[in-house]
Amino acid sequence: MQRAEPQEFRTVLSSMCTEPHPAAREAAERFLATNPGDPATYRSVAELEAQTVAALGDLVGLADPRGYVASGGTEANIQAVRAARNRGDAAAPNVVAPESVHFSFHKAAELLGVELRLAPVDDEHRADPAAMRNLADEDTVLVAGVAGTTEYGRVDPIPEIAALGAEVDALVHVDAAWGGFVLPFTDHEWNFEHAAIDTMTVDPHKLGRAAIPAGGFLARERATLDALAVETPYLESPEQATLTGTRSGAGVASAAAVLDELWPGGYREQYERLQELAGWLAAALDARGFEVVSPELPLVAARLPESLFEALRERGWRISRTAAGELRIVCMPHVTRESLAGFLADLDDLRGASEQT
Ligand code: 0PR
């Protein structure tokens with residue numbers, strides 16, 4: 001049988017995955033067989049997890065963070081909903097979020113028997129706190145916002161969403177799964193210092209350049225993790241707050257290694273390069289007459305004719321669309337000016353060809 005090769009990253013323009021940092025790759029390989037789900041046996045990886053949580057706390061303005069390295073943003077979002085449901089006392093609990101939340105919230109709602117109430121977003125694709133207010137009531141256990149949305153890279157008004165949480169006595173969650181590793185270098189108000197946030201998703205395996213699986217779930221209070229914990233009678237550690245049992249030591253060790261290597265200077269340089277790249281691409285698409293959603297973070301959306309989008313995919317570009325049909329380019333660490341120039345050259349070529357016919 002022919003040996004399979006992984007997807008090469010040069011043509012991958014709409015994914016939130018990327019090439020791991022060399023330090024992450026090396027650590028992942030060394031810790032491949034360890035299980036942080038059994039910290040009394042796999043002690044060094046448990047120590048690396050504690051270091052990772054502390055470093056993530058630094059990243060998000062939380063001095064004494066509680067949390068763990070999850071399998072990804074999906075698990076972290078599910079846990080945020082679960083913690084809020086368990087801490088609240090609503091008979092028919094609901095979660096209020098903007099319609100721009102990641103689809104993992106639908107999984108959480110279904111799994112946990114919680115109603116998900118989605119509020120329309122404003123014209124700039126950001127959460128509208130007033131619309132969210134209309135959906136919240138005494139059974140609301142969680143209000144959530146996104147700091148770096150999946151489709152448009154938008155940052156919701158987190159302080160206003162947190163104020164709504166306080167008003168209706170609900171926990172407050174921020175999904176910074178993707179944005180968390182660029183937002184520290186911007187002026188946005190999105191983190192635990194800026195607002196009364198209870199929990200956050202921030203994923204090292206996206207812009208953090210850790211190996212998959214390395215998501216991040218962080219909580220301000222110990223009681224939040226306690227609300228997730230089950231007893232583990234035959235292990236030497238008393239309880240477990242994670243959703244999965246056996247977990248990847250590779251993800252944990254790689255997150256610890258890359259945070260140690262890149263936080264904060266390396267991530268700042270990465271943000272500056274990617275934001276500049278997104279601005280350049282947005283200008284290039286705008287100059288060609290396409291309608292562009294301006295990149296608040298390194299993610300560019302633009303309206304392209306359907307046939308052009310399909311033709312670009314046929315040429316091998318791994319691109320995807322927003323629900324509304326716009327092309328969506330995520331400027332991840334593997335994306336370069338050179339690869340985007342190649343993409344634009346193909347785009348120009350295909351447009352020229354279609355004009356001739
Ligand atoms: N929250 C936000 C804001 C996200 O964008 C995502 C993933 C998640 C949570 C869930 O994270 P996990 O996928 O780690 O569980 N957003 C990406 C997306 O839907 C996931 C993805 C990544 C999809 C790479 C495709 C791909 O090639 O676009």
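Note: the structure precedes this text.
As for unusual backbone geometry
Of note, the amide linkage connecting Ile 212 to Pro 213 takes the cis form, showing an omega dihedral of 5°. Mapped onto the fold, Pro 213 is located in the loop between strand E6 (199-201) and strand E7 (215-219). In this structure, Pro 264 follows Trp 263 across a cis peptide bond, with omega equal to -5°. Examined against the element boundaries, Pro 264 turns out to sit in the loop between helix H8 (249-262) and helix H9 (265-287). Here the phi dihedral of His 125 falls at roughly 70°; this positive angle occurs in a residue that is not glycine. For His 125, the position within the fold is in the loop between strand E3 (115-119) and helix H5 (129-135).

Details of the sheet that holds strand E10 (residues 291-293)
Ordered in space as E10-E11-E13-E12, the 4 strands form an open sheet in which the pairing is antiparallel. Whereas interior strands pair on both sides, the edge strands pair on one side only; in this sheet they are E10 and strand E12 (320-321). Of the strand pairs in this sheet, E12 and strand E13 (residues 327-330) are connected by 2 bridges, and their pairing is antiparallel. Looking at the pairing, Ser 320 lines up with Arg 328 of E13. The strands touched by H9 within the sheet are E10, strand E11 (299-303) and E13, with E11 carrying the most contacts at an inclination of about 10°.

Quick notes on the packing of helix H2 (residues 43-59) against H8
Direction vectors running N to C along H2 and H8 enclose 50°, while the axes themselves pass 9 Å from each other. Taken together, H2 and H8 sit at an angle that is classed as oblique. Considering only the axes of H2 and H8, their crossing is left-handed. From H2, Val 45, Leu 48, Glu 49, Thr 52, Ala 55 and Leu 56 reach across to H8, where they touch Gly 249, Val 252, Ala 253, Ala 255, Ala 256 and Leu 259.

Quick notes on the sheet that holds strand E5 (residues 171-175)
An order of E1-E7-E6-E5-E4-E2-E3 is seen for the 7 strands of this open sheet, with the pairing classed as mixed. Looking at which strands have only one partner, the edges of the open sheet turn out to be strand E1 (66-70) and E3. Within this sheet the neighbouring strands show an average axis-to-axis angle of 20°, counted without direction. As paired elements, strand E2 (residues 94-98) and strand E4 (residues 140-146) share 3 bridges and run parallel to each other. Across the sheet, residue Val 96 finds its bridge partner in E4, namely Val 143. Lying on the sheet, helix H6 (residues 158-168) is in contact with E4 and E5; it crosses E4 at an angle near 180°.

Digging into the pairing of E11
Counting buried positions along E11 yields 4 of 5 residues, so the element is predominantly enclosed. Across 3 bridges, E10 lies against E11 in antiparallel orientation. Counted as the bridge partner of Val 292 is Ala 302 from E11. Linking E10 to E11, which pair antiparallel, is a turn of 5 residues. Looking at chain direction, E11 and E13 are connected through 4 bridges and run antiparallel. Looking across to E13, one finds that Ala 302 is bridged to Leu 327.

Looking at the site of the ligand
Surrounding the ligand, one finds 17 residues, the nearest of these being Ser 15, Thr 74, Thr 150, Asp 175 and Lys 206. Measuring from an oxygen atom of the ligand, one finds a side-chain N or O atom of His 205 at 2.9 Å. Measuring from an oxygen atom of the ligand, one finds a side-chain N or O atom of Arg 328 at 3.4 Å. Calculation on the ligand without its partners gives an accessible area of 590 Å², and the protein chains cover 76% of this total. If one sorts the elements of the shell around the ligand by residue count, helix H3 (residues 73-87) sits on top with 3 residues. When grouped by side-chain class, the residues that make up the shell around the ligand number 4 nonpolar, 9 polar and 4 charged.

Section: the layout of surface pockets
In this approach a probe as big as a water molecule rolls over the atoms, and the regions it shows empty are the leftover space. By volume, the largest pocket is sized at about 620 Å³. Every residue lining the largest pocket is counted, 24 residues in all, and those nearest its centre are Gly 67, Tyr 68, Leu 225, Glu 239 and Ala 241. Those elements giving two or more residues to the lining of the largest pocket turn out to be H2, E1, helix H7 (222-226) and strand E9 (239-240). Top contributing element to the lining of the largest pocket by residue count: H2, with 5 residues. The computed volume of the second largest pocket comes to approximately 460 Å³. Surrounding the second largest pocket, 24 residues form its lining, Met 16, His 102, Phe 103, Thr 150 and Lys 206 being those nearest its centre. At 3 residues, H3 tops the list of elements feeding residues into the lining of the second largest pocket.

Reading guide: rules and limits
- Residues numbered from 1 in each chain as written.
- Predicted model: local features only at pLDDT ≥ 70, side-chain atom pairs only at ≥ 80, totals over all residues.
- Heavy atoms only, no water.
- Helix = DSSP H or I, 4+ residues; strand = E, 2+ residues; numbered from the N terminus.
- Pairing = 2+ DSSP bridges.
- Contact = heavy atoms within 4.5 Å.
- Axes fitted to C-alpha atoms, helices over the stretch in contact; angles between N-to-C directions.
- Parallel < 35°, antiparallel > 145°, perpendicular 65-115°, else oblique.
- Left-handed = near helix turned anticlockwise from the far one by under 90°.
- Buried < 20%, exposed > 50% of the residue type's maximum accessible area, 1.4 Å probe, protein only.
- Near = heavy atom within 4 Å.
- Polar contact = N/O pair within 3.5 Å; in protein donor to acceptor, adjacent residues only side chain to side chain.
- Areas by Shrake-Rupley, 256 points an atom, 1.4 Å probe, with all protein chains shown as cover.
- Nonpolar A, V, L, I, M, F, W, Y, C, P; charged D, E, K, R; others polar.
- 1 Å grid on protein atoms, 1.4 Å probe; cavity = no way out; pocket = protein on both sides within 12 Å on 5 of 7 lines; lining within 4 Å.
- Points joined across faces, edges and corners; volume = space filled by probe spheres on them.

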